[in-house]
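Summary of the model geometry
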Amino acid sequence: MYHQPVLKNRRTLLERAEKFISDTYFTDCNLRGRLYGDTCPVESISYSMSQKRIPFLEAVKLNYEPYEVGDTFGPTWWTCWFKVSLRIPDSWRGKQVHLRWESDGEAMVWMGQQPVQGLTKEGEKICYILSECLKDSEPHSMTLYIELACNGLFGAGQGSMIAAPDPDRKYSVQKAELVVFNQEVRELLTDFEMLVDIVKLLGEGNQRGYQALFTANEMVNVCEPTNPSSFPAARSLALRFFSQRNGDSQHTVHAMGHCHIDSAWLWPYEETIRKCARSWVTVIRLMEKNSHMVFTCSQAQQLEWVRGWYPGLFSQIQDHAKKGQFIPVGGTWVEMDGNLPSGESMVRQFLEGQCFFKKEFGNYCREFWLPDTFGYSAQLPQIMQGSGITRFLTQKLSWNLVNTFPHNTFFWEGLDGSQVLTHFPPGNSYEMKGKVEDLVNTVKNNKDKGRANHSAALFGFGDGGGGPTQLMLDRLDRVQDTDGLPRVQMSSPDRLFSLLEAESSLLCTWTGELFLELHNGTYTTQAQIKLGNRQCEALLHDVEVASSLALCQDNTFQYPSTQLHNLWRLLLLNQFHDVIPGSCIEMVVEDALQYYQEIRSVGTRLLQVAGEALVAKGQTEVRGQRSEDKGPVVLNTLPWERTEVVPLTDGTTDQPVLAVVTVPSVGVVSIREGSGTPPVIPVSVKVQVDGSVLMENGILRAVVNKDGCLASLYMVKTNREVIYDGWQGNQFVLFDDVPLYWDAWDTMDYHLQTRKPVREVVRPIQVLSLGGLRGSVTFTLQISEKSTITQEIILDAMCPYIKFKTQVEWFESHKFLKVEFPVRVRSPEATYEIQFGHLQRPTHRNTSWDWARFEVWGHKWADLSEHGFGVSLLNDCKYGYSIHRNVMTLSLLRATKAPDANADMGSHQFTYAIMPHKGTFQEAGVIQCAYNLNYPLRLIDHAPGSNTAVWSAFSVSTAAVILETIKQAEDRKDALLVRLYESHGGSVSASLSTSLPVREAWHCDLLERVDLSHPAPFTGAGIPLNFRPFQIVSLLLYLK
Ligand SMILES: [Zn+2]
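Residues numbered from 1 in each chain as written. Predicted model: local features only at pLDDT ≥ 70, side-chain atom pairs only at ≥ 80, totals over all residues. Heavy atoms only, no water.

Under an unreviewed UniProt entry, the name given to the protein is alpha-mannosidase, and the organism recorded is Esox lucius. UniProt lists a comment for the protein under the heading Catalytic activity (unreviewed entry), and it reads "Hydrolysis of terminal, non-reducing alpha-D-mannose residues in alpha-D-mannosides." (UniProt positions renumbered as here; feature names shortened; annotations may be inferred.)

Summing up its helical and strand segments, the protein has 20 helices and 55 strands in all. For 1040 residues, the compact-globule estimate of 2.2 N^0.38 gives 31 Å, and the C-alpha radius of gyration of the protein, at 32 Å, lies within 12% of that figure. A principal-axis box enclosing the C-alpha atoms of the protein has dimensions of 105 × 60 × 60 Å. With 1040 residues in all, the protein has 63% of them scored as buried. Sequence-distant contacts in the protein: of pairs separated by 6 or more residues, those separated by 24 or more amount to 74%. Accessible surface computed for the protein: about 38,100 Å², of which carbon and sulfur atoms make up 50%. Mean positive and mean negative side-chain charge positions of the protein (97 and 116 charges, respectively) differ by 2 Å. (Helix = DSSP H or I, 4+ residues; strand = E, 2+ residues; numbered from the N terminus. Rg over C-alpha atoms; globule rule 2.2 N^0.38 Å. Buried < 20%, exposed > 50% of the residue type's maximum accessible area, 1.4 Å probe, protein only. Contact = heavy atoms within 4.5 Å. Areas by Shrake-Rupley, 256 points an atom, 1.4 Å probe, with all protein chains shown as cover. Lys, Arg positive; Asp, Glu negative; His and termini not counted. Charge placed at Lys NZ, Arg CZ, Asp CG, Glu CD.)

Bound to the zinc ion on the protein side are H260 (NE2), D262 (OD), D372 (OD) and H577 (NE2), at distances that span 1.9 to 2.1 Å. In this structure, the zinc ion is surrounded by four donor atoms whose angles at the metal cover 89 to 159 degrees, and the resulting shape is irregular. Mapped onto the sequence, the donors of the zinc ion take the spacing H-x1-D-x109-D-x204-H. One end of the pair, D262, is in the loop between β12 (252-258) and α6 (269-289); the other, H577, is in the loop between α15 (561-574) and α16 (586-616), with 315 residues separating them in the sequence. Like D262, the residue H577 is buried in the burial classification. (Donors = N, O, S within 2.8 Å, 3.2 Å for Na, K, Ca; no water. Tetrahedral: all angles 85-135°; square planar, octahedral: opposite > 155°, others 65-115°.)

With an omega of 0 degrees, the peptide bond running from G74 to P75 counts as cis. Among the structural elements, P75 can be located in the loop between β4 (72-73) and β5 (79-87). Here the phi dihedral of N719 falls at roughly 50 degrees; this positive angle occurs in a residue that is not glycine. Note on placement: N719 falls in the loop between β29 (710-715) and β30 (720-721). Residue N719 is classed as exposed on the basis of its relative accessible area, which comes to 56%. Even without being glycine, H814 reaches a positive phi, approximately 55 degrees.

Where α6 meets helix α7 (residues 300-309), the closest approach of the two axes is 9 Å, and the angle between their N-to-C directions is 80 degrees. Comparing the axis directions of α6 and α7 gives the class roughly perpendicular. When α6 is examined against α7, the residues Y269, T272, I273, C276, A277 and W280 are found in contact with a partner set consisting of Q302, L303, W305, V306 and W309. The residue makeup of the contact of α6 with α7, split by class, is nine nonpolar, two polar and no charged. (Axes fitted to C-alpha atoms, helices over the stretch in contact; angles between N-to-C directions. Parallel < 35°, antiparallel > 145°, perpendicular 65-115°, else oblique. Nonpolar A, V, L, I, M, F, W, Y, C, P; charged D, E, K, R; others polar.)

For the rest of this paragraph, the subject is the packing of aromatic side chains. Applying the stated criterion across every chain, the model contains 47 aromatic pairs. A centroid spacing of 5.8 Å and a plane angle of 70 degrees characterise the contact between Y832 and Y881, whose relative ring orientation is edge-to-face. Linking Y832 in strand β38 (residues 829-834) with Y881 in strand β43 (residues 880-884), this pair joins segments that are 49 residues apart in sequence. Residue Y832 is classed as buried on the basis of its relative accessible area of 2%. Each member of the aromatic cluster is reached from another via a ring pair, and the members are F154, W265, W267, W399, Y741, W742 and W745. Directly above the aromatic system of Y364 lies the positively charged group of K358, at a separation of 5.3 Å from the ring centroid. Looking at K396, its charged tip hangs above the ring of W399, at a distance of 3.4 Å from the centre. (Phe/Tyr/Trp six-rings, centres within 6.5 Å; stacked < 30°, edge-to-face > 60°. Lys NZ or Arg CZ within 6 Å of the ring centre and 35° of its normal.)

Here it is in structure tokens:
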């Protein structure tokens, strides 16, 4: 070929190459226009609609009617089953033949009763390969089925992705034909695409960029699109460029196929089951063609779904897992929210997950995998370590709105000092496409360059599923070691982390939580889900405690392990990172609330059954005296003695019958015995001349104004006023709450500037209970024309806190309701309860790291203390707090409109409490009080003649150590598992006493694997245990 010298015009050369592969311009003469050859219509298509998601064998029995390409069908969430008959022309011998299928909605191809591949336009999967190279011996005629879900990869949002779904959307098939696919054109297009991207990404300052430019230009010169015999020459030019090698020092990118599938989000749980099948069967097809391909797959629940619904596919997955291609990761049941689940819930995420992975794939996972959640608890490192995991991968902190997180590869140190090696893929994505841009950004963004020479790059369509494509694999294959680009290798989490571990000496350490500076509305959105989670966590705790005790009392009692597993799995599923945060569509909320209802109804029955067994018979061996009481028995599942006022009726009447009862630690008492202790000081309630009400119980004295605000809260013994001068406590405030985009997710800093107190009184304060065991007042406020708050303020005898039992009728739009307590405490930091412990966050806004935490999460309590005195704010189902300067604020309700247009509309009930205290919150028992508020004493019905002696099963010698969990051991029916943690934040020695018939005790990890080097010997005082601050200790107690 005659060569003119190349002119110095980078732009024309670059655009020339781009136009040569454009799918918009010059397709009549460019290379792209040659990707497909001859086409041929399919013989026939017929279809049938199904409202439900049905199995294949049911679908083939449907009545099928003729379908014309372009006809519409629907509505949203239905399924359209297609029966497609086709015949490949004989003349296509030797060609690669595809079924080209372009449709709205996600599709699955079925052949021979098996799912064989997903087809999703948004996931760049529009072809199913019928033959790689057509032979006469291959079948030319066939019938296949296509199951088409009437929803897109991201649901069916009306107008924007996160808008509420359009329930009436119509769908259609735009293309259904046979086509000859030109593989050589595809290869050459990929070469061109990579070279063009290298030119663009490396830029004008880079020599390799120019070499790529001239290579691409010369390829256009030699390549004649209509003449395939010219292709090899062009390809060899590309190959020469790609095979010029790097030096030894180049960074290595560890590419791993991945497919992030939200277990429910803009689509319901049920659709996720099909998303998993569509995505993973496609992955299996790719693995068959690409033996080096690696795919990482998290979330045991999703694998369990596929195991149940698609057993054939699941066994193929197991086969490829044995080959090391399909790699289960993560170790958890679902990729849960990293903030809101309780400590025990997080342990169960790992326990259920790891046991599943071990059973189905032969190994425990070694990496925790949580790329997409809205923050990470400071207790996660310890929980990971206890679950056999030392490595962690995520990337979500790249979404921080304010501060840039300073590391990509680092040690993350948790609350107790446990460390895990952590990697944030520097490309800041879990759904890369294997493009040059992804590789270049991975190195460019890596903040630990020089310290660590390896990074992960996860490729494959995600969120709605989809996963990797052949094109992504082809891109990566070309540049495995190309001078100027990082090295790329198909890798695995184990390989990456092993290399990072080997070169970890220079790595930095980040201590404490990984707080996401975004999505902080998710601590509050969808209040019923939050309530369901908190209540069901408590209920399952109580069922386990009662059943464990019953097991030791009554040898005919059957521990309900199967039911408990099922209930736990429902609870864990709802902790998925778009469900418990409330960032899901209304259909998901309905499912989630249904699951909570199931846990409540089955759990309550299990609790009753265990309770009856507990008091049924045969307590002669235990301490305490036999009693012939007929009154109800009260169960205390918490590890300390409690003296409380309890209602003896179910609370449906306005004026419950009350009794004061003292119940021993993890034990029972009958009401008549316990109620022998009258309060030393009864509660008094007096209406004052100005209409305010004075409530007193000898510990606290409160003045409640006519509008329900606390004018004063006084600690009697310490002569200390709690409410800040001139301010009022229990002040409801309303904010405008309009985020920039992520409606259910985000509350923005500027909402704080729109504060409006709720002051309009509908029904001024009235006395409801006059005192004695309980004093209470009630009032109603108007929030707006549509919304009201009715509250009962309750002061019980002997109780160190005031409860605010609240009912809100809530019909707002983009408003945020909170309640404030301005207090007489000055401290630069406040304390918030988290999983198995607590941590401090600033009350000031000195730096951007401080003010970015204007809305934070906590669990059952938060505390603001100065030396010698403090105030705690307790709650029974809330998670959002803000404590700025001396104002303690609890976030109550939001009114977001996307993706659920009706989020939080309706009635809400919740209780919070204010507890001033002398000394530290640890000394004052705030932690115990918050537990008491969340784990009410349980009344047990029992048959006449039952043994209702006072009885305590466990007690712990120090208040610092909390016995959190008592359950049957996972795989040993003759053993109990107990879990304790140090809650004060100090090193302590404690002893655990039990009246149960324990033979021996051993330490174990969170997966309940016994540590044979660590027996837990009994002494006269029980089992002595030593704790580091916030340490979690699990023991297996073998029963006699
Ligand atoms: Zn996600």
